[in-house]
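Here are the chains, one letter per residue:
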Amino acid sequence: MSNQLGKTIETIASAIGADTRSRYGAERLAVNDQPDKKEIVTVLDKMQKVLFPAHFVSKDVGGFALEYELSSLVGEIYVTLVGQITLALIQSEAYAGADSGTRHRRAKEVARRFIETIPQIHETLKLDLAAAYEGDPAAFNHDEIILSYPGFYAITVSRIAHELHLLGVPIIPRIMTEHAHSLTGIDIHPGATIGKYFFIDHGTGVVIGETTTIGDRVKIYQGVTLGGLSTRAGQGLRNKKRHPTIENDVTIYSGASILGGETVIGEGCIIGGNAFITSSVPPHTRVSMRAPELQFKPDGFAETDKPEYWCYEI
């Protein structure tokens, strides 16, 4: 390594180090003072085993050994969450200045309360599973949905993350849903409130914003955005209702965008593909885009008729 390159590297390290210390302070620089994404992902993996043991627990475990395995997994989830929530609470306004002992005690209480929600999450996901099977004629059986459907995985993670969000846990719920986003292409903010019997078909490109409220028996397709109408105000919009409300029994087809905190899609509506909606829709309404005009020409038209963008086969 040349002397000049060595000096360049030292300059870069010095500049970034100084900036980091000025932004976060020396007490926040240790890796151990930040939540560990790998540990949080292991919580999701273990939760998947607890929620669907027939599909994700080792096939060698059976009989009464299954109850032992599930007890062990829940215990491991609790211990991991206590450690990670203790770290995450540094980001909380209420606990930012608290000592580690105080944060640890709060983390134990939050982790215990989360563990108590597991049966509720399990029951809700059973309804989501039924919605996926009944709503998709391509679904062979429930096993196929649990093991392969990206929409169902994204919903599973969302249900888990939302409970932690309700308990006031910072960062960790967002790490969970962004992990699911990276795997599935489905972006559900953990703050979104989603009713029972929810189904996302295909799913790629779906976005559901933080303050979205979704009722029961709602079905959405790929490319749907339930988003904010404008983000120009930035942080000034924090804690305000920015995303739409979708009432019960609504179907939203692919590519539709529904925007704004005051926008309410009434019960029983059907929103057609590529619709762009920024105002409320009355219950039991069909919304559709006017079909574009298509032009057809018979085969064998003259060379002069070929448009400039025609692709010639070679």
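Residues numbered from 1 in each chain as written. Predicted model: local features only at pLDDT ≥ 70, side-chain atom pairs only at ≥ 80, totals over all residues. Heavy atoms only, no water.

*Asks:* Just checking my understanding: could you explain the pattern of salt bridges for this structure?
*Replies:* In the structure shown here, the tally under the stated rule is 8 salt bridges. Two residues, Arg242 and Glu210, come together in a salt bridge whose shortest N-O distance is 2.7 Å. Of this pair, Arg242 sits in the loop between strand E7 (225-227) and strand E8 (245-246) while Glu210 sits in the loop between strand E4 (207-208) and strand E5 (213-214), placing them 32 residues apart in sequence. Residue Asp249 pairs with Arg217 through a salt bridge whose shortest N-O separation is 2.6 Å. Highlighted residues: Asp249 in the loop between E8 and strand E9 (251-252) and Arg217 in the loop between E5 and strand E6 (219-220), separated in sequence by 32 residues. Via salt bridges that share partners, Glu109, Arg112 and Glu116 belong to a single interconnected network. (Salt bridge = Lys/Arg side-chain N within 4 Å of Asp/Glu carboxyl O. Helix = DSSP H or I, 4+ residues; strand = E, 2+ residues; numbered from the N terminus.)

*Asks:* Got a minute to help me understand the nonpolar core in this structure?
*Replies:* Across soluble globular proteins, nonpolar side chains have a tendency to be buried as a group. Formed by 69 residues in total, the largest nonpolar core has its most connected members in Phe114, Met176 and Ile252. Contributions of two or more residues to this core are made by helix H2 (37-51), helix H4 (64-88), helix H5 (100-116), helix H6 (118-135), helix H7 (142-148), helix H8 (150-166), helix H9 (172-184) and strand E3 (199-200). When residues of this core are assigned to their parent elements, the largest contribution, 8 residues, is made by H8. Residues in contact with Met176, not counting those within four places in the same chain, are Ile40, Val43, Leu44, Val157, Ile160, Ala161 and Leu164. (Core = buried A, V, L, I, M, F, W, Y, C linked by side-chain atoms within 4.5 Å. Buried < 20%, exposed > 50% of the residue type's maximum accessible area, 1.4 Å probe, protein only. Contact = heavy atoms within 4.5 Å.)

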